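Residue strings, one per chain:
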Amino acid sequence: MARITDQPGRSGEVVYQIYVRSFQDSDGDGVGDLRGITSRLEHIARLGADAVWLTPFFRSPMADFGYDVADYCAVDPLFGTAEDAAALIARAHELGLKVIFDLVASHTSDQHAWFRESARSRDNPKADWYVWADPAPDGTPPNNWLAVFGGPAWQWHPKRRQYYLHNFLVSQPDLNFHNPAVQDAILDAARFWLDRGVDGFRLDVVNYYVHDAKLRNNPPAPPDRILRVTTRANPYGWQDHLYDHTRPETLAFVERLRVLIDTYPGAFLMGELVTDRSPEKQAKAYTAGSKRLHMVYSFDLFGEQMSAAEIRATIERIDRAVGPRGWVAWALSNHDVKRVASRWGFEDVAADATPALIALLGAVRGAPCLYQGDELGLVEADVPFEALRDPYGKAFWPEFKGRDGCRTPMPWGAGPAAGFSTAQSTWLPVDPRHRARNAAAQMGDPASTLARVTRFLHWRRGVRPLLTGSMRFLEAPDPVIAIERRSGAERVIVAINLGRAPTDAAIPAFEGSELLDGHGFAGVVDGTRVHLPPFEAAFAAQ
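Below is a short write-up of the structure. What you see is a predicted model; the values in this text were computed from it and never measured. Counting from 1, residues in each chain are numbered in the order their sequence is written. Given that the model is predicted, a residue must reach a pLDDT of at least 70 before its local features are reported, and side-chain atom pairs must reach 80 or more before they are shown or counted; all residues, however, enter totals for whole chains, interfaces and linings. Values reported for side chains reflect all heavy atoms of the structure, with hydrogen atoms and water molecules removed beforehand.

1. Description of the nonpolar core
- Formed by 126 residues in total, the largest nonpolar core has its most connected members in L54, F57, F101 and F201.
- Residue contacts follow a heavy-atom distance rule, with two residues in contact if any of their heavy atoms lie within 4.5 Å. Ignoring anything within four residues of it in the chain, the contact list for L54 reads I18, V20, L34, I37, L88, I100, F101 and D102.
- Here, nonpolar core means buried Ala, Val, Leu, Ile, Met, Phe, Trp, Tyr and Cys residues that are tied together by side-chain atoms lying within 4.5 Å of each other. Burial classes: relative accessible area under 20% of the type maximum marks a residue as buried, over 50% as exposed, and values in between as partly exposed (1.4 Å probe, protein chains only). With 28 residues, the next largest nonpolar core counts Y236, F302, A329 and F400 among its residues.

2. Topic: the sheet that holds strand β12 (residues 328-331)
- Taken in spatial order, the eight strands line up as β1-β2-β5-β9-β10-β11-β12-β13 and close into a barrel, and their pairing is parallel. Within the sheet, the average angular offset between the axes of one strand and its neighbour, ignoring direction, is 25°.
- Any two strands are treated as partners once DSSP identifies two or more bridges connecting them. Only DSSP runs of H or I with at least four residues qualify as helices, and only runs of E with at least two residues qualify as strands; both kinds are numbered from the N terminus onward. One ladder, built from four bridges, connects strand β10 (residues 268-273) with strand β11 (residues 295-298); its direction is parallel. Bridge pairing in β11 links M270 to M295.
- As a rule, the C-alpha atoms of each element are fitted with a line to give its axis, helices using only the stretch in contact, and angles between N-to-C directions run from 0 to 180 degrees. Helix α3 (residues 82-94) contacts β2 (51-54) and β5 (98-103) of the sheet and is inclined by roughly 140° relative to β5.
- On the sheet, helix α6 (residues 250-261) packs against β9 (200-203) and β10 and is oriented at approximately 155° with respect to β10.

3. A short note on the packing of aromatic side chains
- Aromatic rings from Phe, Tyr and Trp, taking only the six-membered ring of Trp, are treated as a pair when their centres fall within 6.5 Å; an angle between ring planes under 30 degrees marks them as stacked, one over 60 as edge-to-face, and anything in between as tilted. In the structure shown here, the tally under the stated rule is 37 aromatic pairs.
- When the ring of W145 is compared with that of W154, the centres are 5.9 Å apart and the planes differ by 25°; the resulting orientation is stacked.
- When its relative accessible area of 1% is taken as the criterion, W145 is described as buried.
- When the ring of F456 is compared with that of F539, the centres are 5.8 Å apart and the planes differ by 35°; the resulting orientation is tilted. Linking F456 in helix α14 (residues 449-460) with F539 in strand β21 (residues 537-541), this pair joins segments that are 83 residues apart in sequence. Across the pair, exposure class does not vary: F456 and F539 are buried alike.
- Each member of the aromatic cluster is reached from another via a ring pair, and the members are F149, F168, Y208, Y392, F396 and F400.
- We call a charge positioned over a ring when the NZ of a Lys or the CZ of an Arg lies within 6 Å of the ring centre and within 35 degrees of the ring normal. The ring of W129 carries the charged tip of K126 above its face, separated from the ring centre by 4.6 Å.
- Here R196 stacks its cationic end above the ring of F192, 3.6 Å away from the centre of that ring.

4. Quick word on α14
- Here α14 spans 16 Å end to end across 12 residues, near enough to the 16 Å set by a 1.5 Å rise per residue.
- Taken across its 12 residues, α14 has 10 buried, putting it largely inside the fold.
- Three or more residues of α14 are buried, namely T449, L450, A451, R452, V453, T454, F456, L457, W459 and R460.
- Each element contacted by the buried residues of α14 is listed here: α2 (41-47), α10 (350-363), β13 (367-371), α13 (439-443), α15 (464-468) and β21. Helix span, as expected, comes to 1.5 Å for every residue beyond the first.

5. What about the pairing of strand β20 (residues 529-532)?
- Residues V530 and L532 point to one face of β20 and are all buried, whereas R529 and H531, pointing to the other face, are not buried.
- Sheet analysis places strand β17 (residues 503-506) next to β20, joined by four bridges and oriented antiparallel. Paired with A505 across the bridge in β20 is V530.
- Linking strand β19 (residues 524-526) to β20, which pair antiparallel, is a turn of two residues; within it G527 sits at a positive phi near 65°.

6. Some details on α10
- Along its 14 residues, α10 runs 19 Å from first to last C-alpha, staying within 8% of the 20 Å computed at 1.5 Å per residue.
- Across the 14 residues that make up α10, a large majority, 12, are buried.
- Among the residues of α10, A350, A353, T354, P355, A356, L357, I358, A359, L360, L361, G362 and A363 are the ones counted as buried.

7. Notes on unusual backbone geometry
- Cis rather than trans, the peptide bond between W397 and P398 has omega equal to 0°.
- In this structure, P479 follows D478 across a cis peptide bond, with omega equal to 15°.
- Phi at Q305 is positive, roughly 45°, even though this residue is not glycine.
- The topology assignment puts Q305 in the loop between β11 and α8 (308-322).

8. Quick word on the layout of surface pockets
- The method works on a 1 Å grid over the protein atoms by themselves. A cavity is a set of points holding a 1.4 Å probe that cannot get out, a pocket is an open set with protein on both sides within 12 Å along at least five of seven lines, and residues with an atom within 4 Å of a point line them. Grid points are joined across faces, edges and corners, and a volume is the space filled by probe spheres set on the points. Of the volumes computed, that of the second largest pocket is approximately 240 Å³.
- Residue lining of the second largest pocket: 14 residues in total, with T246, P248, R277, K281 and Q282 positioned closest to the centre.
- A per-element tally of the lining of the second largest pocket places helix α7 (residues 279-287) first, with four residues.

9. Considering the pattern of salt bridges
- A pairing counts as a salt bridge when a side-chain nitrogen of Lys or Arg comes within 4 Å of a carboxyl oxygen of Asp or Glu. For the structure shown, the criterion picks out 34 salt bridges.
- A salt bridge links R365 to D319; its shortest N-O distance comes to 2.8 Å. Pair noted here: R365 is in the loop between α10 and β13 and D319 is in helix α8, with a separation of 46 residues, a long-range link.
- Put simply, E536 and R452 hold a salt bridge, and the shortest N to O gap is 3.4 Å. With E536 in the loop between β20 and β21 and R452 in helix α14, this pair connects stretches of sequence that are 84 residues apart. Each member of the pair, E536 together with R452, is buried.
- Residues joined in a network through salt bridges with shared partners are D64, D336, D390, R403 and R407.

As structure tokens, this is what we get:
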């Protein structure tokens, strides 16, 4: 059984993402919390995950629901206490689960003590901790940079009579990583949690840490390239982001953070790369050698209606770029994008399609990242405008409905709040379709999505090539994806049908192979012919 401790960041571990606000409410206020998570950790261990990644639960005014941190070393009372965090870490470790915290270092909340001091004057001890700039001669912002969540990336501050940079919300000022004191402060925050037992960090928008010191204007983006994770209604994707992020200077800080992490045995770094500019090149740079990230968290499978050919080309391109020593954390859903069953057109067959999609994650080289509810086959929730909480969605409604549809409460049971809370109303409404697919109902059904995903993940743990082996894609007709994985003398061949119709494909690599069982899929091999019912897979060994 492979565990993260075998080879940090390169052991094919399954990472389970928890959106803290929506996993389990323990105190009846309608919002998820740390005690609630602790009470549900057995579900994750039973599923077959190796690590849990928690979205931010640090002190925050919640303008961006925790991604606007006001104190890196304090638990927000909404989510519990420092003791609750310690208890969660201890219980996870008892269950054999690693714990990863989301470290949001590119920016803070404007309520952080650092920013309040920085904003007071141009000559205080933290005056240069954020990105401040004088206006253009006509009073307008210093350049043309745009914010991801809409509008200019600059906000005027009347006291300093300067603009400050915010790549996201106005209330999320960007830290100045050109200042060594800022880097030291972030390292201190990471050390604080490492000393308390956390096993690593998922680095939010790691490539946004450093900006161009000359504040040069971004050029227009090529017409055929629009940042995949933004809506077409948002002009942010119309720029070629040469200067506001993904600067080479970021790598020097990543190396400093890696030095710290390496003093904690078994700890690792997973960095979120969000870029429209040569993502494969950046993935290679951020994982190069043994001095940077253990793995990058890719956004490259978050496109709409991706065909098998597009999926293969994307994975192949990134994997080839990072090389045999690089590692990628692959995800199909997370808290920022529409759930994959809805995004790829499988909403009406989500229960059947989901096991095949998770088998795909488990078959490719890298670390599969599941988002809470993936194992239940959840679709994107329908959140009416009057219940919307996401500021990004509010800014671009109705052309873009925001991220709330993937953030609704986890359905544990069939009650009014689906077992998530005892409150009369929850911070986001529960979709009735989710309630019907609750975990308790699926747990007792061996044919359920949950049972099938659990069976596959536990089976995969005993198949070394699927954990650490090399990867080669095999020729197969769309919508089939075929992969060969090798580890030493062991060889496993995989074929997955991502289509709604049965497929009979000729894949020569299956010749002379022995069909494996125990994974729960119904594909059949006859010589070089692979017979795959809809959303089924075949695994064979030679």
